[in-house]
Amino acid sequence: MASLYPLLFEPIDIGTLELPNRVYHAPVTLNHVDRTTGFPTDALAHYYAERARSGLGLIIQGAMDVSPRSEFWPVPHASMYDPAIVPVLRRIVDGVHAHGTRIFVELFHIGQAANVRHSDEPPVAPSAVPSLIAGRTPKIMEQEDIDLAIDGFVRSTVNAREAGYDGVELHATHGYLLGQFLSPFFNRRDDAYGGSLEHRMRFLRETIERCRAAVGDDFVIGVRLVGDELLAGGLEVADAVAIARRLAAAGGLDFLDIDIGAHQNYHVTMSPMYGAPNFNVALASAVREAVDTLPILCAPGRLVDPGQAERVLADGHADLIGLGRALISDPEWLAKARTGRSDDIRHCVFCNQYTMGNLFKGLPVSCIQNPAAGRERQFGADTLQPARPARRIAVIGGGPAGMEFARVAALRGHRVTLYEREPELGGQVRLAARLPRRDEIAGVVRWLGLQMERCGVTVVTGSAMDADRIAALDADAIVIATGARFAADGFSGVTAQPIAGAVGAASVTTPEALLAGAAEAGATALIIDADGHVTAAGIAELLAARGTRVTLLTCYPSIGSKLFDEVNFPHVYARLLELNVSLRVNAWVAGIRPGDADVFNLYAPARLETIAADTVVMVTARAATDQLYLALVGRVAELHRIGDCVAPGDIGTAMLSAHRLARTL
């Protein structure tokens, strides 16, 4: 079946290594680090072993610090410079090698953007360009600082070899130290390390030369090089081509990995579903055309389909294809492509909620639709045990929680019937996919529906089940997964009471009613947001694009406050500005009347403003729809509830609760 994608499964040499295929796990920071020791946890070893099991040719482990001056709080990067880390890393390497996969580790120094919390050391950089990330101006590196940084790369490279890694990747993109020296945006020096391109390359060249001298020629060394920093005055593709040519001619390198952007524009480098797919390909292609002596690696960006990956190789844009979030979502991506099961791949929907969202909170990276991501030891391959005995289970509710429970329970051998009141499965996800530019989120329930069909779940749609009908079912256990809905009265944590005038008002509606077509907006709309995620902004975009004059009001200091860490915010905010949506922050509503509402500032409550509002949309508290569960308590022999009808959360919390229960019944 590999003949479907012959180029993906073609071997390739990198340095002295032969890789069995051309698919690699791109270097993704996963936050599985013990903050006390600075070393990776066992969870990271299980994570990579699970991906190696699928037959990946190569894994590039996510960035590790080469210096204690490279700390990036709150994101924990492991201390690669510490020799005591070597035994810990061997567990990761051995787990990957056991499946025939090669593994490199990415080494970086964050330089200007460092946010060091455990010492009084200032961040260091080639020049005193203030950091928007760290909020500080770095110390200009003197020769001693330069030598110390290079020593850190060398020590870390030696530690990588001692731990059994097959190679290292030096991180010279995303505005980190190696890239800062290359870039005229960050590097304003006029000495031997600044000015001309040759001088700006000196720090990187010396790092490569010293690392190579320390480990010899039989250890792979490559560079992750920025193709375009997307910064005014920064590196562009022509600069990247010139740098790549000089690096290739100088020798000492075995590959180049081409990427995009700087830490000022993570919304591009880790583009969510709002961005275009394959955004890295043109940059890699330009370098590939200019350099034919080194393999060119490229993570195309937002790539999910093996056919797309095959075309990138066929068109000569790159020599290896990198996947990051796609492999977090489905560790069996490559195995499914090899065996002709591409339609079985759980496509990443690029919501960024548990990837970038968790990353910048310092939490372990996971996936909203794959509860096993980061929990491979408990939930990974071969951990699912057959049910003893198999039973008849009825699931009430066909949203992501009900569907995930049904899938896993059926895989264990239970006979599962799922009842959904609507004509289609999907619950809130189906409605969320109707928000502008959010249609990919429907992939969550598309995949679940396919899996339920394949494992024999009986699905009954268009069936509104009441307590009497459920109690009369021939089932050994009942699982309630009826979700949650936005309250129409404006109840929230702001005032802990409904908004005056909201109850029974004809002008008041909810996101569900608008998205389902049960309500329409008038000429003016006020959207009241205490949720802070994408719903309020999405409704604002939807209505404004239809011609409604929209005011979006939030109790938070910014609209879409939860979208920052996920790097969704720039895409959402730009569109609201384009549509002339009026924004009110740190605000709440004192009362609603037909045609308008009184608004006040939370920190200056005496300042009232009247806003025109033919329609008021409540994106405030969500209430668990637990009435069926409560009505069934004591009426059935075994009763459970999962997901939002326990307590409103998100897709990930709903699916995790469902997955856990399905493993225990």
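Residues numbered from 1 in each chain as written. Predicted model: local features only at pLDDT ≥ 70, side-chain atom pairs only at ≥ 80, totals over all residues. Heavy atoms only, no water.

**Q** Could you give an account of the layout of surface pockets, naming the residues involved and the relevant values?
**A** Approximately 600 Å³ is the volume attributed to the second largest pocket. Considering the residues around the second largest pocket, the lining is formed by 29 residues, among which Glu332, Arg346, Arg407, Leu411 and Trp447 are closest to the centre. Elements that contribute at least two residues to the lining of the second largest pocket include exactly α1 (42-53), α14 (376-379), α15 (400-411), α17 (443-454) and α23 (651-664). (1 Å grid on protein atoms, 1.4 Å probe; cavity = no way out; pocket = protein on both sides within 12 Å on 5 of 7 lines; lining within 4 Å. Points joined across faces, edges and corners; volume = space filled by probe spheres on them. Helix = DSSP H or I, 4+ residues; strand = E, 2+ residues; numbered from the N terminus.)

**Q** Give me the packing of aromatic side chains: which residues, what numbers.
**A** Per the stated rule, a full pass over the model turns up nine aromatic pairs. Here Phe104 and Phe255 contribute two aromatic rings whose centre-to-centre distance is 5.6 Å and whose plane-to-plane angle is 20°, an arrangement assigned as stacked. On the criterion of sequence distance, the pair formed by Phe104 in strand β7 (residues 102-108) and Phe255 in strand β12 (residues 255-259) is long-range, its members being 151 residues apart. Take Phe104: its relative accessible area is 0%, and that puts it in the buried class. Relative to Phe569, the ring of Phe564 has its centre 4.1 Å away and its plane inclined at 15°; by these criteria the two rings are stacked. Judged by its relative accessible area of 12%, Phe569 is buried. In textbook terms, an aromatic cluster arises when at least three aromatic residues are bridged by ring pairs, as seen for Phe181, Tyr193 and Phe203. When the ring centre of Trp73 is taken as origin, the NZ or CZ atom of Arg35, which lies over that ring, is 5.0 Å away. (Phe/Tyr/Trp six-rings, centres within 6.5 Å; stacked < 30°, edge-to-face > 60°. Buried < 20%, exposed > 50% of the residue type's maximum accessible area, 1.4 Å probe, protein only. Lys NZ or Arg CZ within 6 Å of the ring centre and 35° of its normal.)

**Q** How would you sum up the nonpolar core? Please name residues and give values.
**A** In this structure, Leu8, Tyr165, Leu170, Phe203, Val223, Leu256 and Trp333 are the most contacted members of the largest nonpolar core, which totals 108 residues. If near-sequence neighbours (up to four positions away) are discounted, Val223 is found in contact with Glu169, Leu170, Ala172, Leu204, Ile208, Leu253, Phe255, Leu256 and Asp257. Judged by nonpolar contacts, the second largest core, of 39 residues, contains Ile368, Ala406, Val408 and Val457. (Core = buried A, V, L, I, M, F, W, Y, C linked by side-chain atoms within 4.5 Å. Contact = heavy atoms within 4.5 Å.)

**Q** Before we move on, can you summarise the side chain of Asn358 with the specific residues and values?
**A** Considering the arrangement of structural elements, one finds Asn358 in helix α13 (residues 356-359). For Asn358, the residues in contact, after removing those within four places along its chain, are Asn31, Gln353, Leu363, Pro364, Val365 and Ser366.

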